[in-house]
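Per-entry structural report
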Amino acid sequence: MKKKIAVAGTGYVGLSLAVLLAQNNSVKAVDIIPEKVDLINNKKSPIQDEYIEKYLAEKDLDLVATIDGEAAYKDAEFVIIAASTNYDSEKNFFDTSAVEKVIELVICKSKCNNGY
């Protein structure tokens, strides 16, 4: 039985996982860049990778890209977070705000769906 999966981030890690999982599951890939979303929905890869390009073009994938994370996470049974964590070498600090934002949306989805 197909699972509903959301993947937050369509960089190399997120997109490769989304493509792999979309072969047997219903996957929504979430990104904040509309051009990347459009490319993926047109079966083109926004990153250069032979296998991702081939799978998007040739495989029958249940994959939809979107900029609407809230809607994607609402119906997901699983959420994979592959958002960027940029490192600031001057501050010796990882900027995890993108990951934290996804976590907040997922937690809200969970609480809101359960009547909390």
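Note: the structure precedes this text.
In what follows, the accompanying structure is described.

Focus: unusual backbone geometry
The backbone of K43 sits at a positive phi, close to 60°, despite the residue not being glycine. Structurally, K43 can be placed in the loop between α2 (34-41) and α3 (50-58). You can call K43 partly exposed: its relative accessible area is 41%. With a phi angle near 55°, N92 is a residue other than glycine that sits in the positive phi range. By secondary structure assignment, the location of N92 is in the loop between β5 (86-88) and β6 (93-95). Here N92 falls in the exposed class, since its relative accessible area comes to 61%.

Thresholds, definitions, all that
- The numbers attached to residues start from 1 for each chain and follow its sequence in the written order.
- Local features are withheld for residues below a pLDDT of 70 in this predicted model, meaning they are given only at 70 or higher, and side-chain atom pairs are given and counted only at 80 or more; totals for whole chains, interfaces and linings count all residues.
- The side-chain figures draw on all heavy atoms in the structure; neither hydrogens nor water molecules are used.
- Strands here mean DSSP runs of E at least two residues long; helices mean DSSP runs of H or I at least four residues long; both are numbered from the N terminus.
- Partly exposed describes any residue whose relative accessible area lies between the buried limit of under 20% and the exposed limit of over 50%, with all areas from a 1.4 Å probe on protein chains only and scaled to the type maximum.

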